[in-house]
Amino acid sequence: MMTDFSFSGDTARHVNFPLGGIGTGSIGLGADGRLSDWEIFNKPNKGGLNGITHFALRAEQGGEVLDTRILHGPYQGPLAGDHTTSSFGSYGFGVPRERMAGFPSFAKSRLTGPYPIATVDFEDSHFPGAVQLRAFNPFIPMDSKSSSAPIAMFEVTVRNTSDHDIDYTLIGCMGFAFKDRADVEVQQQDGCTQLVGRAGTDRNNVDYGEMALTIEGDDTSHIHNIYRATWFDTLEMHWRDITRPGRLKDRQYGDAECTLPGGRYTVAEHGTLASHFTLPAGAQRTLRVAISWFVPNVQKDWESVLPLLDAPRPVDPVWRNYYATVWTGAAHVAQDAFARWQDLAGPTRDLQQVLRDMTMPHVLREAISAHLSTLKTPTTLRLQDGTFYGWEGCDVGKGSCEGSCTHVWNYQQALGFLFPDLERSMHEADYLHNQLPGSGGMSFRLSLPLGVGISSFRPCVDGQMGNVLKTYRDWKMSGDTEWLRKWWPHAKAALEYAWHPDNYDRWDPDQTGVIQGRQHHTLDMELFGPNSWLTGFYLAALDAAARMADALGDTNSAETYRGIFAKGRKWIDENLFNGAYFVQKVDLDDRGQLDVYQSDDAAISANNLGGTVYDVYWSEEFQELKYQMGEGCSIDQVLGQWHADLYGLSSVFDDAKVRSALLSVYQHNFGPLAEVANPARVFAVGDEKGTLTCAWPKDVRYPVFPTPHTHSVMGGYEYAFATHLMMIGEFDKGLEVFEAARARYRGHNRNPWNEIECGSNYARAMASYAAVPILSGFEFDLTQGAIGFDPKMSEGQRFMSIWSAGSAWGQVTITSGAAKITVLGGHVALKTIRICGTPFDVSAYVEQADNTVMVELSAGNSLDIHDPAIDLARARDVDTHMRR
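The structure reproduced in this document is the subject of the present report. Model, not experiment: these values are computed from the prediction.

1. What to know about the overall build of the protein chain
Here is step 1 of the chain: Each helix and strand counted, the protein chain has 18 helices and 40 strands in total.
Here is step 2 of the chain: Relative to a compact globule of 884 residues, whose C-alpha radius of gyration would be 29 Å, the protein chain shows 28 Å and is just as compact.
Here is step 3 of the chain: Each principal axis of the C-alpha atoms in the protein chain carries an extent, and together these give about 85 × 70 × 55 Å.
Here is step 4 of the chain: Residues classed as buried in the protein chain amount to 62% of the 884 residues present.
Here is step 5 of the chain: The contacts of the protein chain with a sequence gap of at least 6 include a subset with a gap of at least 24, amounting to 70%.
Here is step 6 of the chain: Surface summary for the protein chain: the accessible area is close to 30,800 Å², and the carbon and sulfur share equals 48%.
Here is step 7 of the chain: Looking at charge distribution, the protein chain has the averaged site of its 76 positive side-chain charges lying 2 Å from that of its 108 negative ones.

2. Thoughts on helix α11 (residues 555–575)
Here is step 1 of the chain: Here α11 is 21 residues long and its end C-alpha atoms lie 30 Å apart, about the 30 Å a rise of 1.5 Å per residue gives.
Here is step 2 of the chain: Buried within α11 are the following residues: S557, A558, Y561, I564, F565, G568 and I572. Axial view of α11: buried residues confined to an arc of 135°, hence all on one face. Turned more than 90 degrees off the buried face of α11, the exposed positions are T555, N556, E559 and E574.

3. A look at the pairing of strand β16 (residues 270–279)
Here is step 1 of the chain: Counting buried positions along β16 yields nine of 10 residues, so the element is predominantly enclosed.
Here is step 2 of the chain: Inspection of the sheet shows strand β11 (residues 166–175) paired to β16 by 10 bridges, in the antiparallel sense. Bridging across to β16, I166 finds its partner in L279.
Here is step 3 of the chain: As paired strands, strand β15 (residues 220–223) and β16 are joined by four bridges and run antiparallel to one another. Looking at the pairing, T220 lines up with S275 of β16.

4. With respect to the packing of aromatic side chains
Here is step 1 of the chain: All told, the structure shown has 40 aromatic pairs when counted by the stated rule.
Here is step 2 of the chain: Look at Y666 and F670: their rings are 5.4 Å apart centre to centre, the planes differ by 20°, and that puts the pair in the stacked class. The two residues Y666 and F670 agree in class, both being buried.
Here is step 3 of the chain: With a centroid separation of 5.1 Å and 80° between ring planes, the pair formed by W696 and Y702 is classed as edge-to-face.

5. Focus on the packing of helix α14 (residues 655–669) against helix α15 (residues 715–727)
Two quantities define a packed helix pair, namely the angle between the helix axes and the distance between the axes.
Here is step 1 of the chain: Across the interface, α14 lies against α15 with an axial gap of 10 Å and an inter-helix angle of 130°. In terms of orientation, α14 lies oblique with respect to α15. Here α14 runs over α15; the crossing is left-handed. Across from V658, L662, L663, V665 and Y666 in α14, the residues of α15 making contact are F721, H724 and L725.
Here is step 2 of the chain: Class assignment for the residues of the contact of α14 with α15 results in seven nonpolar, one polar and no charged.

6. Description of empty space enclosed by the protein
Here is step 1 of the chain: Counting across every chain of the model gives nine cavities of 30 Å³ or more.
Here is step 2 of the chain: As a volume, the largest cavity reaches approximately 90 Å³.
Here is step 3 of the chain: What lines the largest cavity is simply R34, L35, W38, L49, N50, G51, I52, T53, H72, E98 and R99.
Here is step 4 of the chain: Put simply, the second largest cavity is a space of about 70 Å³.
Here is step 5 of the chain: Every residue along the wall of the second largest cavity is listed here: L527, N531, S532, W533, F582, V583, Q584, M629, G630, G632, S634 and Q637.
Here is step 6 of the chain: A class-by-class count of the residues in the lining of the second largest cavity yields five nonpolar, seven polar and no charged.

7. Examining the state of the cysteines
Here is step 1 of the chain: If you walk through the whole model with that rule in mind, you get zero disulfides.
Here is step 2 of the chain: Free cysteine: C401, not disulfide-bonded; nearest cysteine sulfur from C758 at 3.4 Å.
Here is step 3 of the chain: Its relative accessible area of 25% is what places C401 among the partly exposed residues.

8. Describing the pattern of salt bridges
Here is step 1 of the chain: Applying the stated rule across the entire model yields 45 salt bridges.
Here is step 2 of the chain: The salt bridge involving E210 is made with R198; its shortest N-O contact spans 3.9 Å. Placement of the pair is E210 in strand β14 (residues 210–216) and R198 in strand β13 (residues 192–199), with a sequence separation of 12 residues.
Here is step 3 of the chain: Residue E210 is classed as buried on the basis of its relative accessible area, which comes to 2%.

Rules used throughout
- Residues numbered from 1 in each chain as written.
- Predicted model: local features only at pLDDT ≥ 70, side-chain atom pairs only at ≥ 80, totals over all residues.
- Heavy atoms only, no water.
- Helix = DSSP H or I, 4+ residues; strand = E, 2+ residues; numbered from the N terminus.
- Rg over C-alpha atoms; globule rule 2.2 N^0.38 Å.
- Buried < 20%, exposed > 50% of the residue type's maximum accessible area, 1.4 Å probe, protein only.
- Contact = heavy atoms within 4.5 Å.
- Areas by Shrake-Rupley, 256 points an atom, 1.4 Å probe, with all protein chains shown as cover.
- Lys, Arg positive; Asp, Glu negative; His and termini not counted.
- Charge placed at Lys NZ, Arg CZ, Asp CG, Glu CD.
- Expected span 1.5 Å × (residues − 1).
- Arc of directions from axis to C-beta.
- Pairing = 2+ DSSP bridges.
- Phe/Tyr/Trp six-rings, centres within 6.5 Å; stacked < 30°, edge-to-face > 60°.
- Axes fitted to C-alpha atoms, helices over the stretch in contact; angles between N-to-C directions.
- Parallel < 35°, antiparallel > 145°, perpendicular 65-115°, else oblique.
- Left-handed = near helix turned anticlockwise from the far one by under 90°.
- Nonpolar A, V, L, I, M, F, W, Y, C, P; charged D, E, K, R; others polar.
- 1 Å grid on protein atoms, 1.4 Å probe; cavity = no way out; pocket = protein on both sides within 12 Å on 5 of 7 lines; lining within 4 Å.
- Points joined across faces, edges and corners; volume = space filled by probe spheres on them.
- Disulfide = S-S within 2.5 Å.
- Salt bridge = Lys/Arg side-chain N within 4 Å of Asp/Glu carboxyl O.

Read these as layout, nothing more, since geometry by itself doesn't imply function.
Printed below as a string of structure tokens:
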């Protein structure tokens, strides 16, 4: 098992560290220092390059060049060429020239994390100096604006390891891969030089874009335009340009275009910047560099899988990126970043340090931090008003599975805890643009552009009830009851859709507390008949809604919800537990149970299969209902309890049965996969281990056509399951599941910063962040100004973790007899902090000018609490549930 956050040698092979803002797209940094996956044009671009963009270093003495090297480590890609390209750059033609593998580079490189900062150390005996590159994009919890800047920021440190002065030159070559020609200019401001390329088209055109390379230094030089030529002359001249001693000699073509004979070998437009500096023996210097971009106009250019209930409303299919409402261009983005560099880099370093220092086993710290990177990939967009929107993941050249899919984004916990304003914006958009005004039914996919209409995809139980649950969580996290009051009618309607007369899937028409109709869900098909998985979501949502109704004085609704909850909980307990785990109650041999749904498929989409309900769900040949779990052991059978415990809700199922169910999943679903026949998506092979989405013990009936995806192993499901094991005290088993899942992403086999499911950078994997509140025993109710910590594990006599609540985040450290809660950013009003079961009045530890009940804490505040009642040894009793 990996014991640090470093990747080199064979483990560097598939490393690609995303650098970009939330909703801006990103650039990938390899462990060898190469830049790839240029995904900055409002869509994915896996494997995409931006010409020959690279950094290089040159060392001189006495006017003679000692050495020049591309700032890359050893190339570990396919040596015969790429399959992703065509013609003379394809497989069989060797390594593509754009990867600069044919030029002198450094003999060794090592990338070290954790996210959100990558540090690459370079070594080579030929180069007279030690070189380090540090790369990041601002990742500041609670500051979604700064964390949404379209920029990759670099700090290049060079140390003179010789015994004499050396003149060094840091060189950056930047490509401008626009659809249209590039207009390139050089400008200087505040000690920085910028090379800016702009697409030669109208700023309102969807193809308009800008890129800027910015470098600091007192002595800089530049080349506006790379040499334009045929064959290999462009790279030949570029190498001469950067390896000759002294300043770069500018080249600027008078026109924006140049016609060349036999132009098939020409290289796209590039420019070059250099910063020159001298280091005495033993001295070092760090230069700041940035690559920023500005592609302001987004167009829905994908073929939507979302048919609309009515004809699409007339909405402009082009909208502005959120970042285009904050910054005016690529140069402005960089200028702002350089002006606030320490304000951006400092909190980002703080976050990295807190994540690194958490007293959790390495695999947990690594998974928690690694999956945060998904927020900085093309999986996410921010719409013009700042609304957060997410694909499920990324295809090679487009988003995968559109619509901020509720049943996928249900699992992730990172956004809600670290950027709660963005999380709330997702629910608000769903309620405003995705909810039927009469019934309260909600499609689980949000159609773009906003306002175009509501998708005809049928509501799904887990997604719809998940929205209700997360509305509760986000209210308690913010303490903003006026926000809840505004959105309560929507949340209430979403819950009550379960028994609304217009619910054509007849989830719970008689208010029994049990979902028993046609149930769409995250495994892409429908279940028929009661099951603990989807009814568990319903029960947890009923509990959450009752509490929200109480807070708003809607006492009749609260009483109704509690009555339904009690009936449903009792029925599930008595009817679905087989002695070891919860099952689906369904007669696989009964075609007649589909009859009631035969008339709605023409108007309501279930999936992309088409046909009647009989065509999709009945096998005439085998006389059996298709795509059901039946007596299978589902990984998500008690997922509703996971959500309930995370958000401080009541017990959805009997505690002993929850424990038995989770241990049954561990017994039947988890293990080596070499002997598992998997006709579904293959995310694990050979000796790799994982947890199947559903498994059927040998003594139960195995359906002819089981629920889709049940033979796959997918990290998002596994992390929810693993952290739930930890909730019930089975820490070692949960850790084992984490280790198996992350062993599939160790650099030598797959990219540690790209968990795949239905595409790359898959959102569900951010379920791993649940380990933070679970192992912290974190409780929150900002409506009462209260938070608390009751750690479920410790390292020796000390516990340390990240925390976030309200609009603040920081670090908590607990030892027996003492606790320190530090605010590293934002602000929060608190009255009480509970440590290991003991409440403490915050006002006793922070000086106040008056006797206000709530104490406002902001960055720089720390609460030092010393009391023998803080018993970390007691906190190690991990069998204690965290329900409040």
